[in-house]
Each structure stands twice: as C-alpha cells, then as structure tokens.
Number of protein chains: 2
Amino acid sequence: LTLAAAQLGPIARDASRESVVRRLVSLLERAAGHGCRLVVFPEMALTTFFPRWLIEDEDEVAGFFESAMPNAQVAPLFETAARLGTGFTLGYCEQVGAGDTMRRYNTAILVDAGGNIAGKYRKVHVPGNPEFDPALGLQHLEPWYFDDGDLGFPVFDCLDTRIGMLICNDRRWPEPWRVLALQGAELVLLGYNSPAQLPDYPRQNALRTDHHQLPMRAAAYQNGLWIVASAKAGHEEGCDMMGGSCIISPSSEVVAVSSTLDDELVVYTADLGLAGEYRDFFDMSRCRRPETYGLICDRRGEGDPLTAEEWARRLRHPAGRDPGT
Amino acid sequence: LTLAAAQLGPIARDASRESVVRRLVSLLERAAGHGCRLVVFPEMALTTFFPRWLIEDEDEVAGFFESAMPNAQVAPLFETAARLGTGFTLGYCEQVGAGDTMRRYNTAILVDAGGNIAGKYRKVHVPGNPEFDPALGLQHLEPWYFDDGDLGFPVFDCLDTRIGMLICNDRRWPEPWRVLALQGAELVLLGYNSPAQLPDYPRQNALRTDHHQLPMRAAAYQNGLWIVASAKAGHEEGCDMMGGSCIISPSSEVVAVSSTLDDELVVYTADLGLAGEYRDFFDMSRCRRPETYGLICDRRGEGDPLTAEEWARRLRHPAGRDPGT
C-alpha cells in the first residue's frame, strides 16, 4: 500500500478555504501520480492554527469551523479523490449544532478511494491551557475552543486494512495506540500542529524532534503498527511550527521523513504484513497481563501506592468486563 | 542521587554462588567509591541464564533457586551494602515452598542503604516458550520454569525517592511503566538477560539495541521516570547476550551506557527533580482520558472493533472503580 503524508506549510489567518483546498487538491494529485492510495493531511488542514490566540469575535471563530462535511468549499477535494481513486484523511474544526447545544471538535475524517467518508475521529487529548494565561510563554488555547472528543478511538476497515486516526497530542500518550491495536488496527494516520519550541519548557527545545518521533516509534513497535504523521509546518502568523512529517514502520524505523517546512509529500510503499510480524512477536493475547494494568483505567493521575493487600485483591479479582480473546 | 547499573559479563553454568557474589561485592565496592547510593544488578544475577536449556535433572534446576534471601552465600553482599551505605537491587530465582505447593518466580529485591530488604518484585511478563519446541531457533523456556509474578507492580519509598522494579521483558510493554508512574514512582530499576540475536525474527537483529532502548526511552519521557537498566551480557555458555546497560533520563536521553560485554559499572548522578518537570509537562491528572482506555484492561489481545454504540456506552459509563486523583 503506497501512502503519503501531505505536509502543509503555513496557512495565513485570512487565507480563504478555496486557496487552501487548491493546495490540498494539488498535493492529492501529485500523490496519486506517485501511486498513492491514501494521503494524510494535517490536523486543522483548512485553517491557520487559531488556538494560539484568544479571539473574542465569535464570527471570526465560527469562520474557522465547518458545520457540514463535505461542503461546497471542500467539494473539489472529495471530487479529486473519487476521480483519482485516492483516499485521504483530513483534519478540520467541526461544529455540531448551534446555540446552547453547540459542540466544537478537533476532528479528522477518513475518506475512501470513492470519495466517501468512511470514518470520523474527534481528538480525545486536547492539550494546552483552558483560559488565556499571561504567565505562559506559549498560548495554546485548544481547550478554550474545543470539546473533548466523544467518539472514543474507533477503527475503520478500508483499502483492505484496518485504520485508526489520532490527532497531534494524542500521539504522546501510550494508551490510544494500544486501544487501536486491541481492535486490530494495522495503520494509524495522524495530523499535527506542534510548535517548534516550548518557551515554558526550554530544556525540551533541543529534543522536540525526538519527542515527536519517540512515542510514535515505540507505539509502532509495541503495537505492530504502520504510522503516517503529517505536519502543518513552518512560520505561520509569527509562530514557528515543527515539520518532521514521517512514515514509521512496525519495526520502529522512520522510513520516510519530510525535509522542508512547506507543502511537501512524503511517500512510502508499506508492506502491511510487517505489522503482523510484530503482532506475532509480541503475541498480546498470550503475553499481556491486563489483571495487573487496572490503575491505567481506574486512575486519571498519580495516586497513593497500592498496598500488597490491594494488589493481591486486584490479581484475584481482575476487572474483566470483556475478557476478549 | 548517584546511581549505577552494575552490568555482569557471563556466568558459567557451574559457577559457584560464592564466585558470583565476589564479583557483585567487587562491583558494589567500586560503585560506592564513585559515590553511588544505589546499584542495579541484572536479572538472575546469581546464576547462568538456564532457561535456554530444558534441564530434566530437578536437583540441578533447584540449584539455581534461592529458598531464603538473604542466605549464607549472598550474605557478604548485604554486609557490604550496610558497611558502605549503598543500596542495591538484585535479580535472582526465588523458590517458595516445596512439593505440590512450590512456586518459582523470577524475582528482584530492593535492598536499602542499611542492608535491609525494602521491597520485592516478581516478574509479571514471563516471555518465551512454555515447552521445548524444536521448531524454534532460540529456546527461551522461562514459562517452563517460572510462575507469573503475583505481586503486581509495587513501589517502595527508599533513599528519599519512590522506586519501582521491572525485569527484562517487562520493559517492552507500555503498561508496567504507566502503572508505576500512577503510583508516583520517580525511578525504575530493571535487570535483563536478552539474547543479542533473534534467530526466529532475523529482521529484528540489526535493531536489537534500538528495540531495547526505545520502549524505555518512551516510558521515561511519557511517565517522567529515571530508569536504570542493567544487563547480563556477553558470550555465556555458547549464547551471545546483548549489553547496553544504561541510565535514561525523564527527557528520554540515554545519559550513560556500557561499552563492554563484561562486568562494568555505568554511573550517573541523576537530578530527580527532572522527573517532576516531565510530570508537570504531561499533567496526567488533568490530561489523561481513562474513560477511553478501558480496552487496555478489559482485553488481553486483539478483538473486534467497538461499534459507535459501544463507544458511546463506555464514555457514558466509565469503568472507574477507583477514580483516584
């Protein structure tokens, strides 16, 4: 299966949807020319990364969201996919309803080679500060604008494989990858917008690329997954965002990676069978010990150590609502 | 806190406990000379890695196990720890009871700077083949000899920090690290015996060192942990075992690593505060979404995808036996 990460360079705050969609269509056409069956666009691929600002004008905020998908402005992308037989994933800002019941999500959709929506995911790990905080060097107001995703971590059978989607910060947590693998995902598609530097954690600045790749490389190995990660990159509205769009093999190897901070295709032909080889190596159904993992689901954050008695009770009576295989 | 991984070179099948303990004492003394307060010895540090053979002579098998700890043969190690004020962890084969109720574990103990046992862990993820299988290129008969650990993943307060222990294969799974971090561990000590090559998975051979470090580096970063990993290394009884004993910072960096396949000390002075910096960055109690992680505890291996209805039910009624912080 030939895959592409379609990295995007910066999108201006006042860029029209039409101008952005033209860039997406161009990347999709070029990818199809390379034989790609599936193209991964970044998180929030239709707009600038507006959560860097606290925008008080509700009309401007609403202008970053899509109330229907597809819609007239993005229709050319869907038509191109159907015409070329090349599917894609697209991150965008989704608005559901209006007024008091309105919900807004950081969303990605999977569109199949026929140009039809085959799956939707809404970002679960929405990072950053929930309110403007002048003490912070970097405003990242996603929780101000977005609700937590309410679809869980679904998987979709498409292109003769099983696909999951994650978005940006999700990649830093080990749990989403495992939940996708426990449903048989072989391929995970992820878009991101990540600042190139963290002014509030300056010791991490030199490690940004490693901290981007590391959790994905580990997840690929530990779960037998192919991963395609696609960046919005470059200098966007005064902010520097990292590039590093990449394709990672279940062996943990970064097999292809972007070399610019602009619109760029990263293409690789993946041997999906390699996912099976690593699944076989780890043999989760024989070797995992979920009776010892309960705290992962029972606790949100750090708590007291379990006593020997508490451990013994847990091991005698594992959670096991759904023992599975 | 100055830490050391005390890597061991090979131990012969007929090596006496006394000869091995002399090597351990020598390493402990040298570590104390470097100012170390805590020294990590490998898994099964008192014997050769006998699960590479199917040994039918029960007397020989029993000879690899300890029925009491400390015992007369290892007492010099405990005495040296108390005399120097340097604690250690030691992996060994533990026998409990005899006859029909006998249990055997792959165990590690934490010994404090006073020479007293402060904690015990029994390996949970016991890898390999449960019976001799002539089709395999590598016999790894741990499940033949060992019961699964029955103590969970306990943590221990010692040397003004909170310590967890893991053993060898445990390091490849993301769950044990998270369970330790959710109990406030800052430092995880791990011993291992890992073959240098995997004849049954030859494509992994060139990646062995990366596959050893990667899950630990990711776990250090994702959980804000210092990790000390100590190998039994070198050419032991016809088998090549990897070295690569290392100390890993919560930044994910391998800050010290062994350069031989023999007895060797790897020393580093760790800033335990760095664990807190990464805990703060991830802010688990605010940012984790355990209501979406349930499959990790409910399933052992891969199963059917959850439907949208099943996801909705899970998100409405999270497992939450112990919501914690």
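Being a predicted model, the structure only gives us computed values, none of them experimental.

On to the packing of aromatic side chains, then. Summed over the entire model, instances satisfying the criterion amount to 30 aromatic pairs over all chains. Aromatic side chains A:Phe50 and A:Tyr145 sit 5.0 Å apart centroid to centroid with 80° between the ring planes, which places their arrangement in the edge-to-face category. One end of the pair, A:Phe50, is in the loop between strand E2 (38–40) and helix H2 (58–62); the other, A:Tyr145, is in helix H4 (residues 142–145), and 95 residues separate them in sequence. No difference in accessibility class separates A:Phe50 from A:Tyr145, as the two residues are buried. Look at B:Tyr121 and B:Phe153: their rings are 5.9 Å apart centre to centre, the planes differ by 25°, and that puts the pair in the stacked class. Highlighted residues: B:Tyr121 in strand E6 (residues 117–122) and B:Phe153 in the loop between helix H4 (142–145) and strand E7 (155–158), separated in sequence by 32 residues. Take B:Phe153: its relative accessible area is 0%, and that puts it in the buried class. Grouped by ring-pair contacts, the aromatic residues A:Trp173, A:Tyr201, B:Tyr221, B:Tyr278, B:Phe281 and B:Phe282 constitute a single cluster. In this arrangement the basic side chain of A:Arg13 is found over the ring face of A:Trp53, its NZ or CZ atom lying 4.2 Å from the centre.

Let us look at the side chain of B:Glu175. Looking at the secondary structure, you find B:Glu175 in helix H5 (residues 174–181). Judged by its relative accessible area of 2%, B:Glu175 is buried. There is a polar contact of 2.7 Å between the side chain of B:Glu175 and the side chain of A:Arg178. What B:Glu175 contacts, discounting residues up to four positions off in sequence, is A:Arg178, A:Arg288, A:Tyr293, A:Ile296 and B:Ile296.

It is worth spelling out the sheet that holds strand E10 (residues 226–231) of chain B at this point. All names here are of chain B. Taken in spatial order, the 6 strands make up an open sheet running E7-E8-E9-E10-E13-E14, and their pairing is mixed. One side of each edge strand has no neighbouring strand; the edge strands of this open sheet are E7 and strand E14 (254–257). Each strand axis lies, on average, 20° off the axis of its neighbour in the sheet, ignoring direction. Sheet topology note: the strand E8 (residues 161–167)/strand E9 (residues 187–192) ladder contains 5 bridges and is parallel. Among the inter-strand pairings, Leu-166 is bridged to a residue of E9, identified as Leu-190.

So, about the interface of chain B and chain A. Between chain B and chain A, the contact holds 78 residues from the first and 79 residues from the second. For the pair chain B and chain A, the interface holds 14 salt bridges. Close ionic contact of A:Glu302 with B:Arg279 constitutes a salt bridge, the shortest N to O distance being 2.6 Å. Counting every contact that joins chain B to chain A gives 40 residue pairs in polar contact (both at pLDDT 80 or more). If you list the elements that add at least two residues to the side of chain B that touches chain A, you get H5, helix H6 (208–223), helix H7 (273–282), helix H8 (284–287), helix H9 (295–298) and helix H10 (308–316) of chain B. Residue contributions to the side of chain B that touches chain A peak at 8 residues, all from H6(B). Within the side of chain B that touches chain A, the residues separate by chemical class into 35 nonpolar, 17 polar and 26 charged.

Looking now at the relation of the copies chain B and chain A. For the pair chain B and chain A, the relating rotation is 180°, the translation along its axis is 0.0 Å, and the fit reaches an RMSD of 0.0 Å. What we have between these two chains is a two-fold relation. Both copies contact each other with a shared surface, as 100% of the interface residues of chain B are interface residues in chain A too.

This part is about helix H6 (residues 208–223) of chain A. All names here are of chain A. Counted at 1.5 Å a residue, the expected span for H6 with its 16 residues is 22 Å, and the 23 Å between its end C-alpha atoms agrees. Within H6, 14 of the 16 residues are buried, which leaves the element mostly enclosed by the surrounding structure. Looking one or two residues beyond H6, the residue adopting positive phi is Gly-224, at roughly 60°.

Let us look at the packing of H6(A) against H6(B). Relative orientation of the contacting elements H6(A) and H6(B) amounts to 120°, with a least axis distance of 9 Å. If you check the angle between H6(A) and H6(B), you find them oblique. Every pair of crossing elements has a handedness; the one defined by H6(A) and H6(B) is left-handed. For the pair formed by H6(A) and H6(B), the contact residues are A:Asp210, A:His211, A:Leu214, A:Pro215, A:Arg217, A:Ala218, A:Tyr221 and A:Gln222 on the first element and B:Asp210, B:His211, B:Leu214, B:Pro215, B:Arg217, B:Ala218, B:Tyr221 and B:Gln222 on the second.

A few words now on the state of the cysteines. Residue and element names in this part refer to chain A. Going through the model one piece at a time under the given rule, you end up with 0 disulfides over all chains. Free of any disulfide, Cys-93 has its nearest cysteine sulfur in Cys-168, 12 Å distant. Here Cys-93 falls in the buried class, since its relative accessible area comes to 2%.

Our focus in this paragraph is the sheet that holds strand E13 (residues 246–248) of chain A. All names here are of chain A. Taken together, 6 strands build an open sheet; the order of strands is E7-E8-E9-E10-E13-E14 and the sheet is mixed. Sheet topology places strand E7 (155–158) and strand E14 (254–257) at the edges, where each strand pairs with a single neighbour. Along the sheet, successive strands turn relative to each other by an average axial angle of 20°, direction set aside. Each of E7, strand E8 (161–167), strand E9 (187–193) and strand E10 (226–232) is contacted by helix H5 (residues 174–181), which is oriented at about 160° to E8, the strand it contacts most.

Right, let's get into the side chain of A:Gln213. Residues and elements named next belong to chain A. Residue placement: Gln-213 occurs in helix H6. Judged by relative accessible area, Gln-213 falls into the buried class, the value being 17%. Excluding anything up to four places from it in sequence, Gln-213 contacts Ile-248 and Val-254.

With that settled, consider the environment of A:Pro202. Residues and elements named next belong to chain A. Within the secondary structure, Pro-202 is located in the loop between E9 and H6. By relative accessible area, which is 54% here, Pro-202 ends up exposed. In the structure, Pro-202 is positioned 121 residues away from Ala-81 in sequence and 42 Å away in space, judged by C-alpha atoms.

Conventions adopted
- Residues numbered from 1 in each chain as written.
- Chains lettered and ligands numbered in written order.
- Predicted model: local features only at pLDDT ≥ 70, side-chain atom pairs only at ≥ 80, totals over all residues.
- Heavy atoms only, no water.
- Phe/Tyr/Trp six-rings, centres within 6.5 Å; stacked < 30°, edge-to-face > 60°.
- Helix = DSSP H or I, 4+ residues; strand = E, 2+ residues; numbered from the N terminus.
- Buried < 20%, exposed > 50% of the residue type's maximum accessible area, 1.4 Å probe, protein only.
- Lys NZ or Arg CZ within 6 Å of the ring centre and 35° of its normal.
- Polar contact = N/O pair within 3.5 Å; in protein donor to acceptor, adjacent residues only side chain to side chain.
- Contact = heavy atoms within 4.5 Å.
- Pairing = 2+ DSSP bridges.
- Axes fitted to C-alpha atoms, helices over the stretch in contact; angles between N-to-C directions.
- Salt bridge = Lys/Arg side-chain N within 4 Å of Asp/Glu carboxyl O.
- Nonpolar A, V, L, I, M, F, W, Y, C, P; charged D, E, K, R; others polar.
- Least-squares fit on C-alpha atoms with pLDDT ≥ 70 in both.
- Expected span 1.5 Å × (residues − 1).
- Parallel < 35°, antiparallel > 145°, perpendicular 65-115°, else oblique.
- Left-handed = near helix turned anticlockwise from the far one by under 90°.
- Disulfide = S-S within 2.5 Å.

Geometric values such as these leave the question of function open.
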